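Letter by letter, the chains look like this.
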Amino acid sequence: MKRKAEKQAAAPAPVSAFAARKARQQQMQAAVTAAKSIQSETTHEPPSKKARRTSDEAVPTPPASGETNIRTTRPSKRKAESLKAGKSIEEREKISSAEPSEQLPVRTSPQEPENQSSLDEEMEEQNAIVGDNGVGIAPLRGDIDGYESPADTSGPVQEFPLSKTRLNKSNIVHSDEDTLCVRIKEKMSLVLLGHYDLWVKRGVVSVMGAKLHPSPRLYRVYAPSTHSLPVIKCVSGVDGAAEIEVKSCHSGIYRLRDLSPLYRRIWNGKNTSADKVTLKDAPSSAKRTFSVLYTSADDSFKRHIRPLHLEKQWSSAIRLLSQRGGRLRALICGPKASGKSTFSRYLLNHLLSPAPQTETNYCNTDGVAFLDLDPGQPEFSPMGQVYLAHLRSPVFGPPFSHPSLENSQEGTIIRAHHIGATSPKEDPDHYVLAAMDLMDRYRTLLATYPQCPLIINYPGWIFGLGLEVATWLVRSLGLSDVVYMSEKGPTEVVVPLGQAAQEAMTPLTVLPSQPTDFVSRSSAQLRSMQMQSYFHMTRPTELSNPLWLEQPLSRTRPFHVHYAGPKQGIKGIMVMGSEIDPDLLREVLDGSIVAVVAVESPEAILGQNEESILTNNRPVESEDGDINMDESTDTPMGGISSREPINPFIDANVSRTPTENLPYLFVGSGSSNPLDPKASRSLGLALVRSIDVSSQRLELVTPIAGSAIREALEQGHGIVLVRGQLDNPNWAISEEYNAARAEERRHRESVEKSKKNKTTDNNDDESFPEPEEQARISAILRDRIRRASNVPWMTVIEDNSGQQREATQREKSLWKLRKKAYPGSDSEGDW
């Protein structure tokens with residue numbers, strides 16, 4: 001209206017005084033309306049994210065002892081491309097100083113109260129948790145859509161009811177410092193925080209969609225505060241009650257808190273009132289790996305804790321879908337933060353319940369296929385991948401508690417493809433080809449397991465081109481059901497989706513969204529937690545459950561891979577996206593996350609059709625026990641002379657970098673053509689720890705089992721490393737520093753505890769270290785912290801300013817979700 005009035009005023013034709021006055025009134029009215037709308041938006045919208053500060057702005061002046069900040073500045077691919085123009089060294093330094101940095105505030109004050117470990121963790125949590133990937137108070141890298149923003153939580157935490165069952169002498173069967181056995185009456189529930197093993201002894205209980213009947217099996221449950229807590233509810237019982245036994249478990253996942261502040265304060269804290277009732281006969285220092293909570297106020301850390309409940313419409317839809325049994329082929333889609341992953345997890349567990357369902361008399365013996373098409377928040381894989389998994393047992397826990405299914409009793413990954421990004425919109429064509437190949441693998445799986453249902457988890461990319469991909473999948477995959485997770489539309493999404501379902505004669509079910517109002521970790525932080533868990537998790541063959549190792553990746557034994565010479569173990573190194581100068585390959589590759597991809601056919605490069613001469617590459621173990629992907633008991637490369645070419649087409653498109661001699665594989669015009677999903681598969685991810693130019697070797701840290709790499713090489717597949725556009729591994733850069741800080745904190749606590757015990761007992765304890773010995777140990781630990789702070793891409797800045805502390809107190813690791821129904825609209829409302 002204002003713009004129209006301005007045009008009228010600027011028109012050359014004469015106007016009357018009345019018309020001019022009316023135009024001015026319209027202008028003033030439009031200005032007042034705009035001001036009111038802006039004020040209304042600023043009043044009701046959640047506070048926007050802070051602008052990322054440059055390194056110059058982030059450096060506090062003057063530095064003082066007190067709090068420290070870890071700033072990590074990994075060279076991104078975009079920065080490497082900016083260096084392509086041949087800038088001078090001074091210009092490169094300017095670019096490096098202007099690169100967006102992230103900060104990780106960490107408390108380092110030596111004057112800490114005695115026996116205040118929980119307080120220390122709480123302060124470090126508040127200071128460190130609000131950053132991207134655990135490193136800074138800054139906008140989230142990768143979350144460009146702005147679907148989350150920090151919420152003001154300065155007020156008291158709302159008390160929220162959790163457990164309906166109150167523990168007393170009548171329902172406690174037995175308890176000790178590790179075990180709690182209780183009876184739960186029908187329609188009553190119990191909520192626990194932490195991680196534990198659940199044993200159903202009598203009756204039937206439901207947990208996260210699964211109905212568990214009495215059996216000798218123990219179910220591992222992970223219930224951190226980062227997600228809504230699972231509810232153990234009695235469905236039916238003997239004499240009106242079910243009997244369960246909960247045991248402490250020591251998987252080591254809690255040790256990750258020493259490596260990243262993102263893992264601090266996510267498990268149970270001090271013993272609750274319910275715990276104290278069940279630990280009367282136990283030592284005063286007894287503490288289980290789980291705690292019983294009656295309300296959220298029982299939490300010693302005062303976190304925003306909520307139970308995991310379902311909408312009634314969700315429960316009805318799950319029962320309806322499960323009635324299809326082995327004929328189920330369901331696509332779960334919807335906007336971001338609408339509960340797609342939660343619904344898929346509930347449906348998966350419901351189908352995998354170990355006993356026949358009373359509603360349908362259906363017994364699942366062939367497992368469930370789970371086709372995860374969400375590379376940003378995958379369920380059983382690290383980010384950047386789409387995969388087909390075959391599950392045989394229900395899973396209880398968030399994605400970072402099962403980042404891989406390698407050697408898992410829950411199931412296996414049938415096939416995976418590396419997308420190289422957290423969103424499929426980077427390369428929709430490659431994404432669709434990967435989805436179709438995984439669907440073909442599912443059809444092959446049906447030959448062995450004909451009654452295996454399928455659940456497809458589609459990402460929140462449901463608008464624009466994402467909607468076109470979704471409707472095309474609905475028309476072409478032969479689905480039995482389509483579930484859309486939003487009753488509020490919008491119509492421009494629901495109508496095309498309904499038309500596609502109607503054409504495919506597939507019923508469309510629309511369910512209400514069920515997002516969490518507040519979350520303590522953003523999407524980028526959850527991706528970092530899942531990635532860190534993936535690299536630290538191991539599955540010993542003699543154990544049924546995984547273990548997590550607290551050793552930093554810098555101390556982990558790597559894979560040694562020759563990238564050139566007679567023992568060359570990899571065919572090439574690809575960089576997805578736009579082409580880069582070969583001189584910059586080392587900078588792009590060093591310290592990055594890459595996918596280890598097995599090339600199965602000469603047609604692996606899209607659009608090419610050449611004959612393959614890839615032959616067996618048989619790895620052997622080196623003297624230090626490492627599995628080398630490049631050594632053979634016969635001639636180099638498993639029987640082929642090094643003078644003979646690799647795949648003729650790949651070999652013709654590999655250009656060697658002039659300085660490092662790295663094999664840069666690029667095919668395409670302007671941007672890199674990805675590997676064909678029908679002729680390649682992802683074995684997993686690896687971290688490039690170093691590039692040794694003198695020996696022409698790469699040091700790779702990877703959780704991929706040596707047997708998987710050996711099997712791929714024995715089948716004649718070549719290995720290619722693919723560098724995608726994933727988040728930089730800032731969590732890995734700061735692991736050694738965080739571990740050193742944790743060791744120093746434990747030493748201080750032990751010294752203070754020994755002093756207190758010595759004062760209380762009033763005697764001389766020979767085991768108590770002398771002051772000289774304490775000073776020597778403290779000096780060693782301080783030196784370790786100093787050395788750990790001198791690593792590439794990380795700078796530790798000490799800051800004792802009150803403004804920094806006030807800022808971290810205002811942004812207390814709590815995030816409020818907003819979901820946009822379509823670009824530029826808030827019709828879904830603010831949650």
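Residues numbered from 1 in each chain as written. Predicted model: local features only at pLDDT ≥ 70, side-chain atom pairs only at ≥ 80, totals over all residues. Heavy atoms only, no water.

Under an unreviewed UniProt entry, the chain has the name Polynucleotide 5'-hydroxyl-kinase GRC3 and belongs to Petromyces alliaceus. Quoted verbatim from the Sequence similarities (unreviewed entry) field of UniProt, the annotation for the chain is "Belongs to the Clp1 family. NOL9/GRC3 subfamily." (UniProt positions renumbered as here; feature names shortened; annotations may be inferred.)

**Describing the overall build of the chain**
Scanning the chain from terminus to terminus reveals 21 helices and 34 strands. Taken across its 831 residues, the chain has 54% of its residues classed as buried. A sequence separation of at least 24 residues applies to 78% of the contacts in the chain between residues at least 6 apart. Within the structure as shown, the chain displays about 36200 Å² of accessible surface, and the carbon and sulfur contribution to it stands at 49%. (Helix = DSSP H or I, 4+ residues; strand = E, 2+ residues; numbered from the N terminus. Buried < 20%, exposed > 50% of the residue type's maximum accessible area, 1.4 Å probe, protein only. Contact = heavy atoms within 4.5 Å. Areas by Shrake-Rupley, 256 points an atom, 1.4 Å probe, with all protein chains shown as cover.)

**Concerning helix α11 (residues 465-476)**
Residues spaced three or four apart along an α-helix face the same direction, because each turn holds 3.6 residues. Here α11 is 12 residues long and its end C-alpha atoms lie 17 Å apart, about the 16 Å a rise of 1.5 Å per residue gives. Once α11 finishes, Gly478 follows within two positions and takes phi at roughly 65°, a positive value. (Expected span 1.5 Å × (residues − 1).)

**Quick notes on the nonpolar core**
Core analysis: the biggest nonpolar cluster contains 56 residues, and Phe535 and Leu698 have the highest contact counts within it. The leading source of residues in this core is strand β25 (residues 593-599), at seven residues. Sequence-distant contacts of Leu698, defined by excluding residues within four places in its chain, comprise Phe559, His560, Val561, Tyr563, Ile570, Ile573, Leu589, Leu662, Ser690, Ile691 and Leu721. (Core = buried A, V, L, I, M, F, W, Y, C linked by side-chain atoms within 4.5 Å.)

**Section: the pattern of salt bridges**
All chains considered together, the criterion is met by 26 salt bridges. As a salt-bridge pair, Glu243 and Lys201 come within 3.6 Å of each other at their nearest N and O atoms. Taken together, the positions of Glu243 in strand β11 (residues 241-248) and Lys201 in strand β6 (residues 189-202) put the pair 42 residues apart, joining distant regions of the chain. Residue Glu243 is classed as buried on the basis of its relative accessible area, which comes to 8%. Between Arg255 and Glu550 there is a salt bridge, and its shortest N-O distance comes to 3.8 Å. Residue Arg255 is found in the loop between β11 and α7 (273-278), and its partner Glu550 is found in the loop between β22 (547-548) and β23 (559-562); the two are separated by 295 residues along the sequence. By sharing partners, the salt bridges in this structure join Lys201, Arg202, Glu243, Glu245 and Lys247 into a single network. (Salt bridge = Lys/Arg side-chain N within 4 Å of Asp/Glu carboxyl O.)

**A word on the sheet that holds strand β13 (residues 329-333)**
Here we have seven strands laid out as an open sheet, ordered β16-β15-β14-β17-β13-β18-β19, and mixed in their pairing. The open sheet has two edge strands with one neighbour each: β16 (411-418) and β19 (508-510). Adjacent strand axes in the sheet meet at a mean angle of 15° when their direction is disregarded. Judged from the four bridges that link them, β13 and strand β17 (residues 454-457) form a sheet pairing that is parallel. The residue bridging Arg329 from the neighbouring strand is Leu454, located in β17. Relative to β17, helix α9 (residues 340-351) is tilted by about 170°, and along the sheet it contacts β13, β14 (368-372), β15 (385-391), β17 and β18 (481-484). (Pairing = 2+ DSSP bridges. Axes fitted to C-alpha atoms, helices over the stretch in contact; angles between N-to-C directions.)

**Some remarks on the environment of Leu446**
Secondary-structure assignment places Leu446 in helix α10 (residues 428-446). Among the residues examined, Leu446 registers a relative accessible area of 21% and is labelled partly exposed. For the pair Leu446 and Gly326, spaced 120 residues apart in sequence, the C-alpha separation works out to 9.8 Å.

**Here we look at the pairing of β6**
Of all 14 residues making up β6, 11 are buried, and the element is well covered by its neighbours. Pairing between β6 and strand β10 (residues 231-236): three bridges, direction antiparallel. Paired with Leu190 across the strands is Ile232, a residue of β10. Judged from the five bridges that link them, β6 and strand β9 (residues 219-223) form a sheet pairing that is antiparallel. Looking at the pairing, Leu198 lines up with Tyr219 of β9.

**Considering the pairing of β11**
β11 sits mainly inside the fold: seven of its eight residues count as buried. The sheet contact formed by strand β5 (residues 179-185) and β11 spans seven bridges and is antiparallel. For Val182, the partnering residue across the bridge sits in β11 and is Ile244. By the bridge criterion, six bridges tie β6 to β11 in an arrangement that is antiparallel. Residue pairing in the sheet places Val200 in a bridge with Ile244 of β11.

**Some words on the packing of aromatic side chains**
Summed over the entire model, instances satisfying the criterion amount to 10 aromatic pairs. Ring centres of Tyr196 and Phe290 lie 6.0 Å apart, and the angle between their planes is 65°; on these two criteria the pair is classed as edge-to-face. Of this pair, Tyr196 sits in strand β6 while Phe290 sits in strand β12 (residues 290-292), and the two are 94 residues apart along the sequence. You can call Tyr196 buried: its relative accessible area is 0%. (Phe/Tyr/Trp six-rings, centres within 6.5 Å; stacked < 30°, edge-to-face > 60°.)

**With respect to unusual backbone geometry**
The backbone phi angle of Met208 is positive, close to 50°, even though this residue is not glycine. Inspection of the secondary structure puts Met208 in the loop between β7 (204-207) and β8 (210-212). Taking the relative accessible area as the measure of exposure, Met208 reaches 5% and is therefore buried. We note that Ala337 has phi near 55°; this positive angle belongs to a residue other than glycine. With respect to the element layout, Ala337 can be found in the loop between β13 and α9. Accessibility expressed as a relative area gives 29% for Ala337, which makes it partly exposed.

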